[in-house]
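Residues per chain are reported as follows:
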Amino acid sequence: MTDLSLDVPTPPEADGGVWLSCIECENAVAPFDDVVYRCPDCDGLLEARYDDYPDWSEFEGRGVWRYSAALPFESGVSIEEGDTPLYTVPGIEDDLGLADLRVKHEGMNPTGSFKDRGMTVGVKVADELGVGRLACASTGNTSAALACYGTRAGKQVLVLLPAGKVAAGKVAQASLHGAKICEVDGNFDDCLDVVAELANRGEAYLLNSLNPFRLEGQKTIGLEILEQSKAETGAYPDRIALPVGNAGNTAALYKSFRELVAAGAMDESEMPKLTGVQAAGAAPMVEAIENDWNEVQPWDEVETRATAIRIGNPVNAPKALPGIRATGGTAVAVDDDEITDAQRALAREGVGVEPASAASVAGVRKLREAGEISADEHVVCLTTGHLLKDPDAAAAAGSEPVSVPADADGVLDAL
Ligand SMILES: Cc1ncc(COP(=O)(O)O)c(C=O)c1O
Ligand SMILES: N[C@@H](CCOP(=O)(O)O)C(=O)O
């Protein structure tokens, strides 16, 4: 398995101190001469590489672009993404018996998910490349963010969704922000195959997390968690638990840690343990970690209430599996009822999330009960999308309204 080294030779044609390198064969590919998503030699995944890596002193401003010294550009197509809250959740923290538990709520981004961080960078790259049509496959959030940022940049946006499997709020967002929506008779993985073929034919620029520049934006989640945790608790977290679908965030957070280590800004031993959580009905990454496999075996049939992570073939697994292992983390599967319980618990702390997001908290509960997380740990759970993304799931997890007559006594009688 690859060690995801950042120490690869700079290609002579690298422009502006950033280029792409294959994580498998370390072949360097100049970024802007060509539109590439995989290594032309071995089909491996690509990662952005830089001449040098910044330390904390080089970051200034707010949001994603605070970290521009670690990104391919100074600025992008922005609507003030990032800078999301790191909430305390004292009720859940007590219940789980943890020294410190925080929730990094990415649902507070402009379109209500972490995808905005990726799109502000990815759409900027698309603009620099001069491409006209942007496309993605999506379980919903990627399509909402791409529609929003792509349209703002004046691009045509095409999104492929698995028919009947995307939450209502997300389809509404993609539609109103101006995307052309195609509903595919297949699951997310089928949609990604189709959109990848369109991209390879040159019909569209792909902005799923297979695009390494999108993950550069998502890297800022890791940088922000570390900075906020240090400021608020005096230390980096011991562990970051996150829901896993296509495994882009796991890959991106690990890259943010590796770059800080390369800059001498963090010791390798300080990297938080990356802890991936999947829905039991879509858990190929968990299967690979549990069996110590170097590759995931794709699942053809996937099902879960957490539709955002209803993914059977996580494209970023070759980047994410080493991240989980190198940080001493793990992966765990939770069932749909455990996800809904965690969604309710978060809502009672004032943190409204969609089902996939609640998987992170459900996973920490499971690992804590199994004794795999100790009481003295400082844990951050990533909650990836807002409650209103999936109003049907929220209503089903909440309580039924009661019908009352239009008078005060009638209301009091119903209490
Ligand atoms: C709300 C939400 N949570 C989690 C995920 C999983 O993130 P990743 O694909 O980076 O593993 C997604 C999409 O994949 C999502 O939309
Ligand atoms: N949950 C995602 C699935 C696609 O993942 P991506 O990160 O590869 O774009 C979505 O919102 O569509």
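- The name recorded for the protein chain in an unreviewed UniProt entry is Threonine synthase, from Salarchaeum japonicum.
- As recorded by UniProt, the Function (unreviewed entry) comment attached to the protein chain reads in full: "Catalyzes the gamma-elimination of phosphate from L-phosphohomoserine and the beta-addition of water to produce L-threonine."
- Here the protein chain is described in UniProt, under the heading Pathway (unreviewed entry), as follows: "Amino-acid biosynthesis; L-threonine biosynthesis; L-threonine from L-aspartate: step 5/5."

## What to know about the site of ligand 1
Here is step 1 of the chain: Inspection of the region around ligand 1 gives 15 residues, with Asn141, Gly245, Asn246, Ala247 and Thr384 positioned closest.
Here is step 2 of the chain: Note that an oxygen atom of ligand 1 is positioned 3.1 Å from one of the backbone N or O atoms of glycine 248.
Here is step 3 of the chain: One of the side-chain N or O atoms of threonine 384 is found 2.6 Å from a nitrogen atom in ligand 1.
Here is step 4 of the chain: In the complex, the protein chains occlude 98% of the 380 Å² of accessible area that ligand 1 would expose alone.

## Things to note about the packing of helix H2 (residues 115-129) against helix H3 (residues 141-152)
Here is step 1 of the chain: Running from N to C, H2 and H3 point in directions that differ by 40°, and their axes come no closer than 9 Å. With respect to H3, the axis of H2 lies oblique. Taken as a pair, H2 and H3 cross one another with a handedness that is right-handed. Residues Lys115, Asp116, Met119, Thr120 and Val123 of H2 lie in contact with H3, whose contacting residues are Asn141, Thr142, Ala145, Leu146, Tyr149 and Gly150.
Here is step 2 of the chain: Residue composition of the contact of H2 with H3, grouped by class: five nonpolar, four polar and two charged.

About the cut-offs
Every residue gets a number counted from 1 within its own chain, in the order that chain's sequence is written. Going through the entries in the order they are written, you letter the chains from A and number the ligands from 1. Given that the model is predicted, a residue must reach a pLDDT of at least 70 before its local features are reported, and side-chain atom pairs must reach 80 or more before they are shown or counted; all residues, however, enter totals for whole chains, interfaces and linings. Neither water nor hydrogens contribute to the side-chain values; these are computed over all heavy atoms in the structure. UniProt positions are given in the numbering used here, feature names are shortened, and annotations may be inferred rather than shown by experiment. If even one non-hydrogen atom of a residue comes within 4 Å of a molecule or strand, that residue is called near it. Residues adjacent in sequence count toward polar contacts only when both atoms are side-chain atoms; beyond that, a polar contact is any pair of N or O atoms within 3.5 Å, and within protein one must be able to donate a hydrogen and the other to accept it. The Shrake-Rupley method, run with a 1.4 Å probe, gives the accessible areas here. Residue values count only the displayed protein chains as cover. Axis lines are fitted through C-alpha atoms, for helices just across the contact stretch, and the angle between N-to-C directions can take any value from 0 to 180 degrees. The helix and strand labels rest on DSSP assignments: H or I over at least four residues marks a helix, E over at least two residues marks a strand, and numbering proceeds from the N terminus. Angles below 35 degrees are treated as roughly parallel, those above 145 as roughly antiparallel, those between 65 and 115 as roughly perpendicular, and all remaining angles as oblique. The handedness criterion is simple: a crossing whose near helix is rotated anticlockwise from the far helix by less than a right angle is left-handed, and one whose near helix is rotated clockwise is right-handed. What makes two residues a contact is simply this: any of their non-hydrogen atoms within 4.5 Å. The nonpolar class holds Ala, Val, Leu, Ile, Met, Phe, Trp, Tyr, Cys and Pro. Asp, Glu, Lys and Arg form the charged class, and all remaining residues, Gly among them, are polar.

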